[in-house]
Amino acid sequence: MKWLTMNKNGAYRLGVQLEEGVLDVEAALAARPAEGVPAEPLALLRSGASGLRALADYIADLRRSGLPKLLQENEVAWAACVPNPGKIICVGLNYRKHADESKLPYPAVPLLFSKFGNAIAGQGADVRIPDGTAEVDYEVELGIVIGRTAASVDEASALDYVHGYCAVNDVSARDWQMRTSQWMLGKTADGFCPIGPYTVTADEVGDPQNLGLRTWVNGELRQNSSTKDMIFSCAEIVSYISRHMTLEPGDLILTGTPEGVVFGLPPEQRVYLKPGDVVSVEIDKLGRLTNRFV
């Protein structure tokens, strides 16, 4: 299933992307009530497999009786596909070629840092370049959306705790990031974590280690790689993090970026993002996320 979050009257509501358009679940339930069908993103995540089944069965019933009026994408008030993640945990230097271009050794264990809720942004949102930085960079990343409480899970079962995946732009202010040994300051400015446009459930994505991922800046292809190049797989990452902290439904893990970022170029060739630039990140099966920098 491919679902999204909409802003409706100051609240987050659930939408489902169908071939014909976007189903507003709350509006559909108002017209055709049904028990146990989640209408909010967090309710869907917390309900686990039973909530997904109830939603899928409800949509199947709607198809049999006739779908209600659907929204087109330009009618959707997009929000971040996971609007309120409890934790945003990021993995640094997790692609071999990105580590190579950065002239840094491959890490022996996943290199973790965090972003916070203020950084979350959705499809089409403007991202403000903060005062005081001149080195804002893009990073396409595969996002893992946790669907079950995970504590000390082994690698073999780790992906059983994953609800789905989404595309993420791990926006980074490199001058702030490299000012100290801790990366957080350059990673979690307002709007520095656009995610979306959709969360796609794990069953529909299949193998997360076989996805192409790309970035365009003003239409120019900058990153073009595959999750096959990851140093630590999604299963390894989920297992590793769960051994150090409990993961809860709705937590978001960013799994690192491939080569092609501005920071990977020789210093004399680096042209960082500036107001007016439009950045699109895209991952196979997950859609394209586009934001303008202002």
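- An unreviewed UniProt entry annotates the chain as Fumarylacetoacetate hydrolase family protein of Cohnella hongkongensis.
- According to the UniProt record, the Sequence similarities (unreviewed entry) comment for the chain is "Belongs to the FAH family."

Things to note about the overall build of the chain
Here is step 1: On a plain count of helices and strands, the chain comes out with 6 helices and 18 strands.
Here is step 2: What you see for the chain is a C-alpha radius of gyration of 19 Å, in line with the 19 Å of a compact globule of 294 residues.
Here is step 3: Dimensions of the chain, computed from C-alpha atoms along their principal axes, come out at roughly 60 × 45 × 30 Å.
Here is step 4: In the chain, which comprises 294 residues, the proportion classed as buried is 56%.
Here is step 5: Look at the contacts in the chain between residues 6 or more apart in sequence, and 75% of them connect residues 24 or more apart.
Here is step 6: In the structure as shown, the chain presents an accessible area of about 12500 Å², 50% of it carried by carbon and sulfur atoms.
Here is step 7: Averaging the positions of the 28 positive and the 37 negative side-chain charges in the chain gives two centres separated by 1 Å.

Looking at the nonpolar core
Here is step 1: Judged by nonpolar contacts, the single largest core of 93 residues is most densely connected at Val-16, Leu-23, Val-25, Leu-55, Ile-195, Val-238 and Ile-253.
Here is step 2: Here this core takes 8 residues from helix H2 (residues 41-65), the largest share from any one element.
Here is step 3: Those residues within four positions of Leu-23 in sequence are excluded, and the remaining contacts are Leu-14, Gly-15, Val-16, Leu-18, Ala-28, Ile-59, Leu-62, Pro-68 and Leu-70.

Things to note about the sheet that holds strand S7 (residues 126-127)
The strands making up a sheet associate through backbone hydrogen bonding, with each pair oriented either parallel or antiparallel.
Here is step 1: Across the sheet, which stays open at both edges, the 5 strands sit in the order S7-S18-S17-S14-S15 with mixed pairing between neighbours. Each edge of the open sheet carries a strand with a single partner, namely S7 and strand S15 (220-226).
Here is step 2: Alignment of strand S14 (residues 212-217) against S15, held across 6 bridges, turns out to be antiparallel. Bridge pairing in S15 places Leu-213 opposite Ser-225.

Here we look at the environment of Ala-235
Here is step 1: Of note, Ala-235 is situated in helix H6 (residues 234-242).
Here is step 2: For Ala-235, a relative accessible area of 13% translates into the label buried.
Here is step 3: It is 29 Å that separates the C-alpha atoms of Ala-235 and Met-178, two residues lying 57 residues apart in sequence.
Here is step 4: For Ala-235, the contacting residues outside a window of four places in its chain are Glu-155, Ala-158 and Leu-159.

What counts and what doesn't
Residues numbered from 1 in each chain as written. Predicted model: local features only at pLDDT ≥ 70, side-chain atom pairs only at ≥ 80, totals over all residues. Heavy atoms only, no water. UniProt positions renumbered as here; feature names shortened; annotations may be inferred. Helix = DSSP H or I, 4+ residues; strand = E, 2+ residues; numbered from the N terminus. Rg over C-alpha atoms; globule rule 2.2 N^0.38 Å. Buried < 20%, exposed > 50% of the residue type's maximum accessible area, 1.4 Å probe, protein only. Contact = heavy atoms within 4.5 Å. Areas by Shrake-Rupley, 256 points an atom, 1.4 Å probe, with all protein chains shown as cover. Lys, Arg positive; Asp, Glu negative; His and termini not counted. Charge placed at Lys NZ, Arg CZ, Asp CG, Glu CD. Core = buried A, V, L, I, M, F, W, Y, C linked by side-chain atoms within 4.5 Å. Pairing = 2+ DSSP bridges.

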